[in-house]
Amino acid sequence: MEFRLLGTVSVDTRTGPLPLGPAKRRSLLAALLLSANTPVPVARLTDSLWGEEPPPRARGVIQGHVSRLRALLTGAEAQAYGVELVTLGDAYVLRVPETLLDYQRFEELLMLARQQRSAADTVRMLDDALSLWQGPALGGTFTEGPLQAAAHTLEESRLATVEELARAYADLGEHHRAASVLRAEAVAHPMRESLAAALILALYRAGRQSEALDWFHRTRRLLADELGIDPGHELADAYALILRGGPRPGAAPAGGTDAAGASRAGTDPAEGAGTTAPPGPRVPAAHNPSAAPHPTDLLPRAPRGFHGRNAELAALTRAAAGEAPVCLVTGPAGVGKTSLALQWAHHNPAAFPDGRLFADLRGFSETGEPALIDVLREFLLALGVAPRRVPESVSAAAALFRSLTDRRRLLVVLDNARDSATVRALLPGGTDCVTLVTSRNRLEGLIASDAARPVPLGILEPQDGTALLAGVLGEERILAEPVAARRLAELCGGLPLALRVTAARLAGRPQWTLAGLADELADERGRLTFLDVDDTGVSAALRLTVQQLPADAVRQLARLGHHPGGHFDPYTCAALAGTDPAAAAAALERLGSAHLVTETAPGRWVLHDLVRLYARGLDPASGAEALVDVLDHYIATALAAADTAEPGGEPCFVLPEGYRPAAVRDFADRAAAMHWLATERDDLARAAVAARGAGLHDRAWRIILLQWPQVVWRVRDSWAPLLELALDSARAKQDLYAESRVLNLLGWVLTEEGRTAEALTLLERSPGLAQQAGDRLGEATALINLAVVQAGQGELDRALEGCGRAVVLAREEEDRHTEMLALQHLARLQLSAHRPGDALGSARTALALGPEHEEAARRSLLLAVSGEARLALGEEDEGILLLDRAAEEAEHAGYDEGAVRALEALLRVSARAEYRTRHALALRRLTDGG
C-alpha cells in the first residue's frame, strides 16, 4: 500500500488504486495525509475543503467522506499495513507509517543526498527523489487555502531539488546535463529567477555562451513586461559574470562563489533544508567599496540543531532582494526568531563583503535596553572609526553610521527590538545594505515608515519539532519512541524554546523515557514548570513579554486564560474582563501586536496552549468567576441568536441563579444569528463541558439547549453526544422542565438519525415530565416528536391522536409557532392516513398562522404537504403549482432536504426535464455539501 501526494492524490494497493471518488474526498484525504499521525480538527478540514465560505452542512459532509474513506481502507486491508483512520473527539487522525507516504520518502531521500560525500551518489539519490513525482502535487484536489499552501510548499521543495541536482551535475563537471534538467523547469517557471540564473551559469560553463545570453535577455524582457521590474541580484550577477568572461569550471574554488558574488547555482537558501547560501545585494561592477581586508563580523555563532523553517528562510531571501531592505522577523516569545535570523545571516558571508553587524537590543529583557549611543559606538568602531572620532550624541553618531554604510554591502542584524523608533536610529544608509530585525511586537510603524517586509514566524510542525529533539538527544532515542517523541512535540505546542527545554531535561537524564515525560507534560497544572530549566524557559520568556504590557492588556490576558473555548471575540473578552467590546478589542490588538494572541479571522482570536497556561497563572483566583461570566455571556448571546433565528419559537425559561450577562451582541437577521450559532458550536460545546465539570449544571444544559435552531436546521450533524451531556446536567439538577425539553430534542435527533427504538424510549417519558413541570408547550412539542416515531412504527392512530392533542395545547397557550409545528406534522400524518382533505385543511390553517417571513423550512414543508394533498384529491395542476413553490422556497433558503422532498413528489407526476435537473442539483448539494 502506498499513499501518493506527489501527483494526483491516490492510494495504490496490490490490486490497483482505490476508487477515492469526488475531489472533496481526495482533498480530505490529502489534508489528513499532510498531518499524518496527528489529530486534524474538523475546523481545519473545513478550511481545507471550502476555505472561508463553508456550506452549512460542512461537518456532515466531512463525516460522510470520512466514513467512505474508512470503508475503502478497511476493504483494502489497510490495518495490515498499520494504517487506521480514527476519530478523536472533534478531530480525525490518519495513522500511517511514514514509509508508505511518498512525500516522506522524498524528504528522506533529500536528507540522504545531502549527507553523501560523493557528487555521483548525490545525483543518484536526487534522481530517485524526483522520480517519485508523477505530476503537480495534490492533483485532483481543491487546492485552496491550506491545501494550496501545502501544494506550493511541495512544489517549492521539488524545484529546489532540481536546482540541487543541477549543482551536483556541475560538481561532476557535467554542465550539459545540469543545463538540461534546469531548462525544462525554467520553461515551466519562466519568472523564477533562481532557475533562470542557474540555467544561465550552467549554459555558460558548458561553453554555450550565446544561449546563456539569449536566456538572460528573454527573462529580462519577461520580467519587465509581466511584472514591471528589473532582474534581481542573482540574475544580474550571472549576466555580469558572463560579460566579464569570469571563471569557468576549475577556476572557482570548490563550493565557493564566482567573481560576481553569485552563488554557484544562484539558488534560494531556504529551499533544500537551509543548506544553500542566500544571494546578497548586488554591487555595481564598477564600484569597489573601501573595506578592511578582513571585514568585521559581529554575528554570534550559528544556531545549533536548527530544523525546518524552509518557507521562512525563503521569505527572508525574497524580502532581502529589494533596495535597502528592512526584513522584519516577528513572532511570540520562544518561537525561534533569533535562531532563524542567525541561520539566514550565516548562510553566505560572501554576500556581505563589507561585514555583518549584530546588536541585541534587549527590548524584552529584565536588564533593560542598551543605550542607542552604545550600540552605534560598537558599530562605528567595528567599521574602523577611531574611538576619539565617535560622536557623543545619538543623532550625530547615527548620521556618521549612515554615511559610512552608504556605499557598502553590509548586513545589520538588530535582535529583540521593542519598538520602531529604536530600529530607525540604527538603519544603515546604503541601498545595498540589508537590515534584519527581530521582535515580539509587529512593529507596524516600521512597516509604514521604512517599508519593512514582515516575515511572521509561527510554531514548528510536529515533524520539525521531533527533528529538533533528535538534534539534541540523538536519532536513536527518538527512533526508540517515535510516538512519544511526536507527542512531546505536540505538548510543547511546536514552540522551539519549549522543545529545547524538554530536550535539555531528557539529555541530562538518560534513564528517563520520552513517554514518561510526555505523561508529565500532559497534566496542564504542571506543564509550564516542566518547561523551565535553570534561568530559561517558556514562563521566563512570556514574563518578559507581559511586563511590557499596560495593565488593562495584562488583565485581559489573565482572564483569557480561564476561557474554556478555543476562540474568542471582543464580546467574549469583554464579558471575561468586565469591560465593553471596544475596550476588549483594543486590548486584543495590543496582545496581538505582542504575539500573545493570534487573529485567525476578522474579530476572531486564539491563544497558544502554553500562553493560555501562563495567562491562567497570572490570576488563578479569578478562574471560577471568569467561567461564570463567560457562561452567562454565552447564554445571553445564544438567547438573542435563538430569538432572532426563530422569533417566538422558544419560551424564555427561568434564568439560572446569579445570572449576570454582559457584552451581549445583537443580530441583524436570521442569517447572522445562524452563522453565529454555527461558528461558535465548538466553543459552546467546550463551555458546556467546562460548566458541567465545575458543577454548574444549570448553565450547562441551557447553553446546549439554546442551540436548538441550529440543531433543527442541521439535524444530522452529530448532535446526540452534546444533547446527552445536557440530559445528564438536567437530571443532576433534578429539573423536570429541562429534562423534558432535552428529551424532546434528543429524541427527535435520534429519530432523524434512524435510531428509532432509542428515540421512542426517550420520547415516551417526555410528555409526562413536561406535564409534571407545568410546561404545556413542552408537552405539545413532546407529543409531536413522539407522534413522528409512532407513525414510523405503524401506530398511525396513536400518532394522529397525539398530534391533535398537541394542536389543542398550543392553541390554548396561544403559541402560533408551536401550533404551526403541530399542524404541519398533523397534516403529514393525515396524508399518510389517506385523508387528503383533512391534510389540506391542516396545512392551510398552519400557513394562515404564520406571516410571509415565517421560517422558510416550515413554509416549504407545509406547501409540499398541500401540493401532495391536492394531487391525492385529483387536482393535479394546483398540486404541481404548490409543489413547485415549495421547492423554490426551499432552494432559495438553502434547505436542500425540503427541495429534494418537493421535487421527488413532482417527478412522480411530471416528466419535465427542469424538475429532474433541479432534483439532481439539490441531491448533489445534500450529499456533497456543495
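Residues numbered from 1 in each chain as written. Predicted model: local features only at pLDDT ≥ 70, side-chain atom pairs only at ≥ 80, totals over all residues. Heavy atoms only, no water.

## Section: the packing of aromatic side chains
Summed over all chains, the structure comprises six aromatic pairs. Between F216 and Y239, the aromatic rings sit 3.9 Å apart at their centres with planes inclined by 5 degrees, giving stacked as the arrangement. Note that F216 is positioned in helix 9 (residues 209–226) and Y239 in helix 10 (residues 233–244), a separation of 23 residues in sequence. Judged by its relative accessible area of 21%, Y239 falls in the partly exposed class. Against the face of W719 rests R681, its NZ or CZ located 3.7 Å from the ring centre. Cation over ring: R912 sits above Y915, and NZ or CZ is 4.7 Å from the ring centre. (Phe/Tyr/Trp six-rings, centres within 6.5 Å; stacked < 30°, edge-to-face > 60°. Helix = DSSP H or I, 4+ residues; strand = E, 2+ residues; numbered from the N terminus. Buried < 20%, exposed > 50% of the residue type's maximum accessible area, 1.4 Å probe, protein only. Lys NZ or Arg CZ within 6 Å of the ring centre and 35° of its normal.)

## Concerning helix 25 (residues 570–577)
Of all the eight residues making up helix 25, seven are buried; the element is thus mostly covered by neighbouring parts of the structure. For helix 25, every residue scored as buried is listed here: P570, T572, C573, A574, A575, L576 and A577. Of the residues flanking the end of helix 25, it is G578, one or two places downstream, whose phi is positive at about 70 degrees.

## Observations regarding the side chain of R477
On the secondary structure map, R477 appears in helix 18 (residues 475–480). Buried charge R477 goes without a salt bridge, the closest partner of opposite sign being E481 at 5.7 Å. Within the structure, R477 has its side chain in polar contact with the backbone oxygen of W512 (distance 2.9 Å). Setting aside residues no more than four positions away along its own chain, R477 makes contact with L506, A507, R509, P510, W512 and L514. (Lys, Arg positive; Asp, Glu negative; His and termini not counted. Salt bridge = Lys/Arg side-chain N within 4 Å of Asp/Glu carboxyl O. Polar contact = N/O pair within 3.5 Å; in protein donor to acceptor, adjacent residues only side chain to side chain. Contact = heavy atoms within 4.5 Å.)

## A word on the pattern of salt bridges
The full count for this structure, using the stated rule, is 55 salt bridges. Salt-bridge contacts for R377 lead to D374; the nearest nitrogen and oxygen are separated by 3.0 Å. Note that R377 and D374 are positioned in helix 13 (residues 372–382) at a spacing of three residues, about one turn of the helix. In this structure R377 comes out as partly exposed when scored by relative accessible area, which is 33%. Its relative accessible area of 39% is what places D374 among the partly exposed residues. Here E680 and R604 are joined by a salt bridge, their closest N and O atoms 2.8 Å apart. Linking E680 in the loop between helix 29 (670–679) and helix 30 (681–693) with R604 in strand 16 (residues 604–606), this pair joins segments that are 76 residues apart in sequence. If you follow the salt bridges from partner to partner, you end up with D884, E891, R912, E914 and R918 in one network.

## Considerations on the confidence of the model for the protein chain
Predicted coordinates in regions of low pLDDT should not be interpreted in detail. Summing up the model confidence of the protein chain, the mean pLDDT is 83 and the portion of residues at 70 or higher is 91%. Between the elements of the protein chain, mean pLDDT differs from a low of 62, seen in strand 12 (residues 532–533), to a high of 94, seen in strand 9 (residues 411–415). Predicted confidence is poor over residues 250–294, with pLDDT under 50, and the contacts of this stretch with residues over four places away or in other chains come to 108 contacts. (pLDDT = per-residue confidence, 0-100.)

## Some details on the layout of surface pockets
Here the second largest pocket is characterised by a volume of approximately 1300 Å³. For the lining of the second largest pocket, the elements supplying multiple residues, two or more each, are helix 32 (708–713), helix 34 (736–752), helix 37 (776–792), helix 39 (816–832), helix 41 (856–872) and helix 43 (896–907). In the lining of the second largest pocket, the residues fall into 23 nonpolar, 13 polar and 13 charged. (1 Å grid on protein atoms, 1.4 Å probe; cavity = no way out; pocket = protein on both sides within 12 Å on 5 of 7 lines; lining within 4 Å. Points joined across faces, edges and corners; volume = space filled by probe spheres on them. Nonpolar A, V, L, I, M, F, W, Y, C, P; charged D, E, K, R; others polar.)

## Regarding the packing of helix 39 against helix 40 (residues 836–849)
The contact between helix 39 and helix 40 brings their axes to 8 Å, and the two run at 160 degrees. By the angle between their axes, helix 39 is roughly antiparallel relative to helix 40. Regarding helix 39 and helix 40, the two cross each other, and that crossing is left-handed. For the pair helix 39 and helix 40, contact is made by R816, E819, M820, L823, L826, A827, Q830 and L831 and by P836, D838, A839, S842, A843, T845, A846, L847 and L849, respectively. Among the residues making up the contact of helix 39 with helix 40, the classes are represented as eleven nonpolar, three polar and three charged. (Axes fitted to C-alpha atoms, helices over the stretch in contact; angles between N-to-C directions. Parallel < 35°, antiparallel > 145°, perpendicular 65-115°, else oblique. Left-handed = near helix turned anticlockwise from the far one by under 90°.)

## What about empty space enclosed by the protein?
A full pass over the atoms with the stated rule returns two cavities of 30 Å³ or more. Along its surface, the second largest cavity is lined by L34, S35, A36, N37, E98, Y103, Q104, Q463 and R486. Tallied by class, residues from the lining of the second largest cavity come to three nonpolar, four polar and two charged.

## Considering the environment of E323
Mapping E323 onto the fold places it in the loop between helix 11 (310–319) and strand 7 (326–330). Note: C-alpha distance between E323 and G430 (107 residues apart in sequence) is 8.9 Å.

## Focus: the environment of S210
Mapped onto the elements, S210 comes out in helix 9. S210 gets classed as exposed once you look at its relative accessible area, which sits at 51%. As a C-alpha pair, S210 and I200 span ten residues in sequence and 9.9 Å in three-dimensional space.

## Quick word on the nonpolar core
W344, L436, L560 and L596 are the most contacted members of the largest nonpolar core, which totals 135 residues. Beyond its immediate chain neighbours, meaning those up to four positions away, L436 contacts L316, C327, V329, A341, W344, L411, V412, V413 and L414. (Core = buried A, V, L, I, M, F, W, Y, C linked by side-chain atoms within 4.5 Å.)

## Some points on the pairing of strand 6 (residues 91–95)
When a strand is regular, its side chains alternate between the sheet's two faces. For strand 6, a buried count of four out of five residues is recorded, marking the element as mostly surrounded by other parts of the structure. As defined by bridge partners, strand 4 (residues 40–41) adjoins strand 6 across two bridges and the pair is classed as antiparallel. Of the residues in strand 6, the one forming a bridge with V40 is Y92. Two strands pair when backbone bridges link them, and strand 5 (residues 84–88) and strand 6 are joined in this way by five bridges, in the antiparallel orientation. In the sheet register, L85 faces strand 6, and the bridge partner there is L94. (Pairing = 2+ DSSP bridges.)

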